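What follows is the residue order along each chain.
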Amino acid sequence: MARTPSSPTLALILSAAVLAATDASAQEVRDPLRPDAPPVQQAEEKARTADLREAGEKIGAGQLEDAEALLAPMLEPFPDDPALLLMLGEVRLALGRPDQALPVLEHAAEISPDRLRLQFQLGSALAATGRTEDALAAFRRELENNDNPEVRVLSLLNRSFLLQNMKRWEDSAAELVQVAELDPTKAQVYGDAASLYIQAGIPEKAEEVLAAGEPLGFRSAQHTYSLGAAYYKDEKYEQAAAAYRRCLLIKPTFYKAERGLGLALEKSGKGDEAVAHFRKYLELKPDARDRDRILKAIGDR
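Conventions and cut-offs
Here the residue index of a chain counts from 1 through its sequence in written order. Only residues with pLDDT of 70 or above have their local features reported here, since the model is predicted, and side-chain atom pairs are shown and tallied only from 80 upward, although totals for entire chains, interfaces and linings are computed over all residues. Excluding hydrogens and water, the side-chain values take into account all heavy atoms of the structure. Strands here are runs of E lasting at least two residues and helices are runs of H or I lasting at least four, both read from the DSSP assignment and numbered beginning at the N terminus. A 1.4 Å probe rolled over the protein chains alone gives each residue an accessible area, and that area as a share of the maximum for its type sets the label: buried under 20%, exposed over 50%, partly exposed in between. In this description, accessible areas are obtained by the Shrake-Rupley approach with a 1.4 Å probe, and a residue is regarded as covered only by the protein chains that are shown. Only centres within 6.5 Å qualify two rings of Phe, Tyr or Trp (six-membered ring in Trp) as a pair; their planes then separate them into stacked at under 30 degrees, edge-to-face at over 60, and tilted for everything else. Definition of nonpolar core: a set of buried residues of the types Ala, Val, Leu, Ile, Met, Phe, Trp, Tyr and Cys, connected through side-chain atoms within 4.5 Å. Axis angles are defined between N-to-C directions and span 0 to 180 degrees, where every axis is a line fitted to C-alpha atoms and, for a helix, only to the segment in contact. For this classification, under 35 degrees means roughly parallel, over 145 means roughly antiparallel, 65 to 115 means roughly perpendicular, and everything else is oblique. By definition, any crossing whose near helix is turned counterclockwise from its far helix by less than a right angle is left-handed, and any crossing with a clockwise turn is right-handed. The contact criterion used throughout is that any non-hydrogen atoms of two residues lie within 4.5 Å. Ten residue types, Ala, Val, Leu, Ile, Met, Phe, Trp, Tyr, Cys and Pro, are classed as nonpolar, four, Asp, Glu, Lys and Arg, as charged, and the remainder, Gly among them, as polar.

Visitor: For the overall build of the protein, give the residues involved together with the corresponding values.
Guide: Each helix and strand in the protein was counted, giving 17 helices and 0 strands. For the protein, with 301 residues in total, the buried portion stands at 48%. Surface accessibility of the protein: about 14,900 Å² in total, with carbon and sulfur atoms responsible for 50%.

Visitor: Can you lay out unusual backbone geometry for me, pointing to particular residues and giving the numbers?
Guide: Backbone geometry at R117 places phi at a positive 75 degrees, although glycine is not the residue there. Tracing the backbone through its elements, the reader meets R117 in the loop between α6 (98-111) and α7 (118-128).

Visitor: Report on the packing of aromatic side chains, specifying residues and quantitative values.
Guide: A full pass over the atoms with the stated rule returns 5 aromatic pairs. With a centroid separation of 5.2 Å and an interplanar angle of 65 degrees, the aromatic rings of Y232 and Y237 are classed as edge-to-face. Y232 gets classed as partly exposed once you look at its relative accessible area, which sits at 23%. Given a relative accessible area of 18%, Y237 falls into the buried group. Each ring, one from Y255 and one from Y281, has its centre 6.3 Å from the other, and the planes form 25 degrees; the classification is stacked. In this pair, Y255 is assigned in helix α15 (residues 255-267) and Y281 in helix α16 (residues 271-284), connecting sequence segments 26 residues apart. Judged by relative accessible area, which is 27%, Y255 ranks as partly exposed.

Visitor: How would you summarise the nonpolar core if you had to cite specific residues and measurements?
Guide: In a soluble, globular protein the nonpolar side chains are often hidden away together inside. V209, L227, Y244, F254, A257 and F278 are the most contacted members of the largest nonpolar core, which totals 49 residues. Per-element accounting of this core gives the leading share, 7 residues, to helix α11 (residues 189-199). Of all hydrophobic cores here, the second largest spans 36 residues; its members include L84, A138, F139 and L162.

Visitor: Describe the packing of α6 against α7, listing the residues and the values that go with them.
Guide: Packing of α6 against α7 leaves a shortest axis separation of 9 Å and a crossing angle of 140 degrees. By the criterion of interaxial angle, the relationship of α6 to α7 is oblique. Where α6 crosses over α7, the handedness of that crossing is left-handed. Packed against α6, whose contacting residues are P98, L102, L105, E106, A108 and A109, the element α7 presents L118, Q119, Q121, L122, A125, L126 and A128 at the interface. Counted by class, the contact of α6 with α7 contains 10 nonpolar, 2 polar and 1 charged residues.

Visitor: Lay out the environment of D171 with the relevant residues and their values.
Guide: Mapped onto the elements of the fold, D171 is located in helix α10 (residues 169-182). You can call D171 partly exposed: its relative accessible area is 35%. As a C-alpha pair, D171 and R159 span 12 residues in sequence and 9.2 Å in three-dimensional space.

Visitor: Which residues make up the environment of L71, and what are the values?
Guide: With respect to the helices and strands, L71 occurs in helix α4 (residues 64-71). For L71, a relative accessible area of 0% gives the class buried. In this structure the C-alpha to C-alpha distance between L71 and L84, which are 13 residues apart in sequence, comes to 7.1 Å. Once residues lying within four places of it in the same chain are set aside, the contact partners of L71 are L52, A55, L84, M87, L88 and V91.

Fair warning: the whole summary comes from geometry, so function is off the table for now.
Following this line, the structure appears as structure tokens:
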């Protein structure tokens, strides 16, 4: 049986990423004053910029409640400031209040839908409040707008997680494959993608992604064993045997793979060859529950 990958939850991904670009936020609000603005408006904008910069510093120091206390009163004089709305939404998300973050982020998206990180944070709030389809669309828009590799990876991971919760195994796997293509240091996600393809009943695609991971250093006996089990379940015994052999190359003491290989060979009409693997199985697992059945298979040869 394929193991559904134990990916990090959406909340954990978000808590790690929600304030990842704090310095960038502080830089974004340092806009030059408009030379044609009236003196009073210039003074207001200067104060706004200073407050946003101070809030950004508090965020960087982990003082989220203090940052919110600075930002929230600014909504009245600056209700349509996308930098303010985004920063306040980020803070409220980080404080675990997505229901309060959502209307702020939705308003920001109405004003400046292509602002970097906005759709990511909006997707986070939408997901946390149960609006999964809208969240998927928001993360997709962030991918369309943002070239930052870290944000793109997190958007793909969040989409994969949401699709997995919807039991859209194949779609979820495809997002993980994009993660590995974007960031080769995360080659381990090929294993989770393989598990999802197996869950979807497509072991051929699982085999493809496991092969894609090998040049990047990802080789997993467990995932390769699961591939063999999936092929065996589909009565594709030659493919199952090949997968079990690859599993044993990775981990020669994997007794389940010895057993699986013996069974696959037996089903393929190669009983004599199967015996050697049954014997190895019992050598590695002398207390096997199916010992009598395996001994009978050996004795019949």
